[in-house]
Amino acid sequence: MSGFAGLSIAMRALRAAQMSMEVSGHNIANANTPGYSRQRVELVESLPDLTPWGVKGTGVEISRIARVREEYLDLQLRNETKLLGQWEEIEKFLSRLELYFNEPSDEGLNNLMSEFWARWQDLSLTPEEQTSRSNLLQQSDVLANAFNTLYDKMQDLRYDADEAIKSYIQEINSLAQNIASLNKQIRFYEVGDAVANDLRDQRDEMLRELSELIDFNSEEQPDGTILVSIGGVNLVNKVFTEEMSYRFNEEGHIVPIWKTNNAPVEIKAGKLKGVLDARDNKIPTYISRINEIARAIISEVNKQHSKGWGLEAFSSLRSAYSISDTGEEISSSDSGLTFYNVVNDGDFVITVNDDSGNTVSTDTVNIVTGAGGTTTDDIVSTIGSDFTSGISHLRAYVDSDGYLNIEAEAGYRFFINQDTSGALAALGLNTFFKGEDAGTIAVNDPIVENVKFIAASSSGEIGDGNNAVEIAQLKDATLMDNESATIYDYYASTLGVLGVDKKESENLKKGQEVLITHIKNSIEDVSGVSLDEEAMNLLKFQHSYQAAARFLGVIDEMLDTLINEVGRR
Amino acid sequence: MWNELQSVLQEEIKLHRKLKETLGSLREAIVLRDSVKLEEILEFQSELGKEIQNLENKRVALCRKLIQQEGVIRLSELVEYAPKSMRKVFVRLRNEMISLLEQIQREVRVMRYVVRTVLGYVEEMISIFTAGELMAYDSTGSKVRSKGYIYSASA
């Protein structure tokens, strides 16, 4: 062997050994880098030399530096991560909902409703006392505000979800850009048999991050780049990306779309799916249930209230609900009345008194439902549009905003009550509440202005609190869920459903976490860097190399002596 | 006696060839970071070294007897004393031996360089890696647990 050949083998050996050490160092330096895969030097026999005496080995050389990685585990991790992201988001939103309900507590709806019915009960005992009336007004106001606040918070939560969606869309776009950029670098570096290990690790980590946000398919291409597609649309294709954007739907909420064609993005899992699910399904379910409760309270209390007598008669009254078409039956949705469906066949009574409280007239207004039934125009006509026609000393008209107004002539006042038809509740005349759902429920304006208009009496007699008793007893009436549940039952079941929903999302989240920890451990077993192992190897090498160095030194000296003793000429 | 010297020389050449062969394996063990193999080879080479040293002692003693002279007797000098019929054989053996020794020495020197350099890397890495906690590892690379002794100075 020539001196040059020996030197060449030595240099190859040195390079390979150096590389091996550098890879060890790289492993140690990245032991705590998320997603880093242990690397190893793979060596092969270098090509042998053909000599006149036959084939001669030339040592070993580096084949490649390989990533110790199990692709299947990566895929499993991504699949499970997207479900974790989804349940994490749902659980997060349900937790906030649970906080908003604030049960059990003094400020929770359960207690406020209970207090509300109790104030009606109090009023029934002392119907003529201003304090009882004021207490009821105050408690009703608190209850209505609690409904409003809960409703607003839940609606705001949906807008918070929009913000989250916006930020996830940005994150997805940013990750797509980074993956495309890594595709470019990997394609550049991986010429021949080279493998860009660290870049691939980075790309795998980004794919894992992406899987937290959205479900996708990925496929490695022959040039080393990865194709990422969502619902058939290529988010990343080689070095190109498809940008995700958003538009607003009819409700003013964000819908993720593809920027190029405005088509909605098909989202099946991940945080984005979780947020969308929370915003469009979970939260609306609870909003709807709270609305149902508020509507039941408004319509049932109003129906009963409009039967009763206040302490004072009205000089004028404006309906709490507007009518969009006065020519349509008030029992029809075409009338535009919110509570058109509470109207039945029946009647209500209008009593006109003079200033001294003497009854001047008592008139019954019949209400007929169905086709050809009573319209707002019919009611106006019955009462009369001036003080002389229809019911004397009263006039009725619909103002430009669509509200029905009834006014008494100067020197006269009127009661409007004893409603068996529900028409007054539908119109909002002599009613306790206004509004149509949890977001709008409020005490009706005339009662806010004068608590004497609270209709606690069934007869109009002094000391009669029977109508207040009837209203207080609504708390035990089965008004909800096809008349199978009381308001309490329904509210309790709402909380129950929320609790179960949250527990389910918590359990699923925990389940996913356990699964992911297991997969991560498996990945760590395959790809992780064991510092102890690396340290042990290094110290073993050190020990062996020191022995080799000493031995070779001895051999060298021995050879010196031998060469001297054999003697050169 | 000259025949005995010839067979000692032939045996020495054989052992040096073996040593040369194992240097290739040593190089591979260093590159592959196979400390087990490396130590096996070193042990084998050490045995070879001892055998070579024994033969060399035997050769020197034979040479001294043959030419009745003390001190270092070089093989090149010995040829002049050999019977004429054997001189050519001794020249050939001497040339073969010197060539082999020079080859081995060259390879041993590059190998020493390789080992020294790699050792430098290893030591540097160990110092970075252990970050002043070298005492936490023993020479086999196993972690040593602290016994938790507390030393205090007393008056």
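A. Molecular detail of the overall build of chain A. When its secondary structure is counted, chain A shows twelve helices and 18 strands. For chain A, with 569 residues in total, the buried portion stands at 51%. Across chain A, contacts joining residues at least 24 apart in sequence account for 66% of those joining residues at least 6 apart. For chain A, the accessible area works out to roughly 25,500 Å², and carbon and sulfur atoms hold 46% of it.

B. The arrangement of the nonpolar core in detail. If you look at the biggest cluster of nonpolar residues, it comprises 119 residues, and the most contacted ones within it are Trp 120 and Phe 147 of chain A. The leading source of residues in this core is helix H4 (residues 130-189) of chain A, at 22 residues. Discounting residues that sit within four places of it in the chain, Trp 120 of chain A has contacts with Leu 136, Val 301, His 305, Phe 432, Ile 454, Ala 468, Ile 471 and Ala 472 of chain A. With 54 residues, the next largest nonpolar core counts Phe 551 of chain A together with Ala 29, Val 115 and Leu 119 of chain B among its residues.

C. Spotlight on the sheet that holds strand E12 (residues 346-354) of chain A. All names here are of chain A. With antiparallel pairing, the three strands of this open sheet are ordered in space as E13-E12-E16. The sheet terminates laterally at strand E13 (359-367) and strand E16 (412-417), the two strands that pair on one side only. Taken pair by pair, the neighbouring strands of this sheet meet at an average axis angle of 20°, ignoring direction. Direction of pairing for E12 relative to E16: antiparallel, over a ladder of six bridges. In the strand pairing of E16, Thr 351 is matched with Phe 415.

D. Broad picture of the pattern of salt bridges. Going through the model one piece at a time under the given rule, you end up with 39 salt bridges over all chains. Its salt-bridge partner being Lys 259 of chain A, residue Glu 243 of chain A comes within 3.7 Å of it at the nearest N-O pair. One end of the pair, Glu 243 of chain A, is in the loop between strand E8 (240-241) and strand E9 (244-248); the other, Lys 259 of chain A, is in the loop between strand E10 (254-258) and helix H6 (271-305), and 16 residues separate them in sequence. Of the residues examined, Lys 259 of chain A reaches a relative accessible area of 47% and is grouped as partly exposed. Among the salt bridges present, the one from Glu 96 of chain B reaches Arg 17 of chain B, with a minimum N-O distance of 2.2 Å. With a gap of 79 residues between them, Glu 96 of chain B in helix H4 (residues 84-130) and Arg 17 of chain B in helix H1 (residues 2-31) connect regions that are remote in the sequence. Residue classification places Arg 17 of chain B among the partly exposed residues on the basis of a relative accessible area of 39%. Connected via shared salt-bridge partners are Arg 158, Asp 162, Glu 251, Arg 279 and Asp 280 of chain A.

E. Expanded view of the packing of aromatic side chains. Residues and elements named next belong to chain A. Summed over the entire model, instances satisfying the criterion amount to 14 aromatic pairs over all chains. When the ring of Phe 116 is compared with that of Trp 120, the centres are 6.3 Å apart and the planes differ by 90°; the resulting orientation is edge-to-face. Here Phe 116 and its partner Trp 120 are both found in helix H3 (residues 109-125), four residues apart, which amounts to about one turn of the helix. By the burial criterion, Phe 116 is buried, and Trp 120 matches it. Among the aromatic residues, those joined into a ring-pair cluster are Phe 116, Trp 117, Trp 120, Phe 432 and Phe 433.

Conventions and cut-offs
Each chain carries its own residue numbering, running from 1 in the written order of its sequence. The order in which chains are written sets their letters, starting at A; the order in which ligands are written sets their numbers, starting at 1. Where local features are concerned, this predicted model is filtered to residues with pLDDT of at least 70; where side-chain atom pairs are given and counted, the filter is 80 or more; whole-chain, interface and lining totals use all residues. Note: side-chain values were computed over all heavy atoms of the structure, leaving out hydrogens and water. The way it works is that DSSP assigns letters per residue, a run of H or I at least four long becomes a helix, a run of E at least two long becomes a strand, and they are numbered from the N terminus. A simple rule labels every residue: compare its accessible area, found with a 1.4 Å probe on the protein chains alone, to the largest value its type can have, and call it buried under 20%, exposed over 50%, or partly exposed in between. Whether two residues touch is decided by their heavy atoms; if any such pair falls within 4.5 Å, the residues are in contact. Note on areas: Shrake-Rupley, 1.4 Å probe, and residue coverage restricted to the protein chains presented here. Nine residue types can take part in a nonpolar core, namely buried Ala, Val, Leu, Ile, Met, Phe, Trp, Tyr and Cys, and a core is a set of them joined through side-chain atoms within 4.5 Å. DSSP bridges decide pairing: two strands pair if at least two such bridges lie between them. Lines fitted to C-alpha atoms define the axes here, with helix axes fitted over just the stretch in contact, and angles between the N-to-C directions of these axes take values from 0 to 180 degrees. Salt bridge criterion: a side-chain nitrogen from Lys or Arg within 4 Å of a carboxyl oxygen from Asp or Glu. Working definition: rings of Phe, Tyr and Trp (its six-membered ring) pair if their centres are within 6.5 Å, and the pair is stacked with planes under 30 degrees apart, edge-to-face with planes over 60 apart, and tilted otherwise.

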